[in-house]
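Breakdown of the fold
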Amino acid sequence: EAGVVQSPRYKIIEKKQPVAFWCNPISGHNTLYWYLQNLGQGPELLIRYENEEAVDDSQLPKDRFSAERLKGVDSTLKIQPAELGDSAVYLCASSSPGQGEAFFGQGTRLTVV
Amino acid sequence: QQQVKQSPQSLIVQKGGISIINCAYENTAFDYFPWYQQFPGKGPALLIAIRPDVSEKKEGRFTISFNKSAKQFSLHIMDSQPGDSATYFCAASLYSTLTFGKGTMLLVSP
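Presented here is a report on the structure given in the accompanying data block. Note that the structure is predicted; figures quoted are calculated from it, not measured. By convention here, each chain's residues receive numbers from 1 onward along its written sequence. A letter from A marks each chain and a number from 1 marks each ligand, given out in the order of writing. Local features in a predicted model are, by the rule used here, given only for residues with pLDDT of at least 70; side-chain atom pairs are given and counted only at 80 or more, and totals for whole chains, interfaces and linings are based on all residues. Side-chain metrics in this entry use all non-hydrogen atoms of the structure; hydrogen atoms and water are not considered.

Moving on: the environment of Cys 90 of chain B. Residue and element names in this part refer to chain B. Secondary structure elements follow DSSP: runs of H or I no shorter than four residues count as helices, runs of E no shorter than two count as strands, and numbering proceeds from the N terminus. With respect to the helices and strands, the residue Cys 90 is situated in strand E9 (residues 86-94). Separated by 65 residues in sequence, Cys 90 and Tyr 25 place their C-alpha atoms 10 Å apart. Here a residue-residue contact requires only that any non-hydrogen atoms of the pair lie within 4.5 Å. Apart from the residues within four sequence positions on either side, Cys 90 is in contact with Val 4, Gln 6, Cys 23, Pro 34, Trp 35, Phe 73, Thr 99, Phe 100 and Gly 101.

It is worth spelling out the environment of Gly 72 of chain A at this point. Residue and element names in this part refer to chain A. Within the secondary structure, Gly 72 is located in the loop between strand E7 (65-68) and strand E8 (75-79). Spatially, the C-alpha atom of Gly 72 lies 7.8 Å from that of Glu 50, the residues being 22 residues apart in sequence. Apart from the residues lying within four places of it in its own chain, the contact partners of Gly 72 are Asn 51 and Glu 52.

Looking now at unusual backbone geometry. Glycine aside, negative phi is the norm for most residues, and most peptide bonds take the trans geometry. Cis geometry is found at the peptide bond from Ser 7 of chain A to Pro 8 of chain A, where omega equals -5 degrees. Take Pro 8 of chain A: it is sitting in the loop between strand E1 (5-7) and strand E2 (10-13). For the peptide bond that leads from Gln 80 of chain A to Pro 81 of chain A, omega is -5 degrees, which places it in the cis range. Phi is positive for Lys 71 of chain B, close to 55 degrees, though the residue is something other than glycine. For Lys 71 of chain B, the location among the structural elements is in the loop between strand E7 (62-67) and strand E8 (72-77). In this structure, Asp 79 of chain B takes a positive phi of about 45 degrees despite not being glycine.

In this assembly, 17 residues from chain B lie in contact with 19 residues from chain A. Here chain B and chain A share an interface that buries about 1,500 Å² over both sides, 48% of which is from carbon and sulfur atoms. Any N or O atom pair separated by 3.5 Å or less is treated as a polar contact, with the protein-specific requirement of one donor-capable and one acceptor-capable atom, and with residues adjacent in sequence counted only for side-chain atom pairs. Inspection of the region where chain B meets chain A yields eight residue pairs in polar contact (both at pLDDT 80 or more). Sorting elements by how many residues they give to the side of chain B that touches chain A places strand E10 (residues 97-100) of chain B first, with three residues. Looking at the side of chain B that touches chain A residue by residue, the classes come out as eight nonpolar, six polar and three charged. Buried area counts how much accessible surface, traced with a 1.4 Å probe, disappears from two parts once they are put together, with both parts' losses summed. Basically, the charged four are Asp, Glu, Lys and Arg, the nonpolar ten are Ala, Val, Leu, Ile, Met, Phe, Trp, Tyr, Cys and Pro, and anything else, Gly included, counts as polar.

Let's shift gears to the sheet that holds E8 of chain B. All names here are of chain B. Between any two strands, at least two bridges found by DSSP are needed for them to pair. Ordered in space as E1-E3-E8-E7-E6, the five strands form an open sheet in which the pairing is antiparallel. On the outer flanks of this sheet lie strand E1 (4-7) and strand E6 (56-59), each paired with one strand and no other. Looking at each pair of strands side by side, their axes are set apart by 15 degrees on average, direction ignored. Of the strand pairs in this sheet, strand E3 (residues 19-25) and E8 are connected by six bridges, and their pairing is antiparallel. Opposite Ser 19, over in E8, you have Ile 77 as the bridge partner. Lines are fitted to the C-alpha atoms to define the axes, a helix being fitted only along its stretch in contact, and any angle between axes, read from their N-to-C directions, falls within 0 to 180 degrees.

With that out of the way, let us pick up the pairing of strand E5 (residues 44-50) of chain A. All names here are of chain A. Within E5, five of the seven residues are buried, which leaves it mostly tucked inside the rest of the structure. Pairing of strand E4 (residues 31-37) with E5 involves six bridges; the strand directions are antiparallel. Within the sheet, the bridge partner assigned to Tyr 33 lies in E5 and is Arg 48. Pairing of E5 with strand E6 (residues 53-56), which is carried by three bridges, proceeds in the antiparallel orientation. Looking at the pairing, Arg 48 lines up with Asp 56 of E6. Residue exposure (1.4 Å probe, protein chains only): buried if accessible area is under 20% of the type maximum, exposed if over 50%, otherwise partly exposed.

Now the structure itself:
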């Protein structure tokens, strides 16, 4: 069974430029998460989807961050414009309905210069 | 407010020894407590997990001890191996959303 797939693995952009990350969850997993992981820290939730509905986006900085999960499968996280402080690893995870186990992708390491 | 506090920040254990990592939580509504292992450049991988109606869970060399009244849980790694060297995160789940501790960097010396 394929795991959570994220792309790209690495991205370097100049500040004020836009950037987008893509995630394909494990087949059959209705719940999809985007987490932010700063260096030396634990992951922090940005947004959680149940199917195509964003059920928890309270920690998403909506002035510059947006996300979508069309058709309840793949998801895209966008930052526009990026700031230096956005440099971090962006992790996508998925889980089955009612199950606590979340499975993570390898993440996208973003560097804003 | 940090809802899940993890200690120590780093840990050095000799090969064959026992590694112990502790976590404490605030919210009694948390209903699921997993531990994740993360190697450099990789995403966190689920290691072992426990629900609050159980006081202990063992899988191979990994054991979770859970103390509901004290709102604490810990990970024990028996017979620690150099391959266990990684960062370990405890987490607590509420409505399927995980809150993570800050992590413990474990180094197992040969």
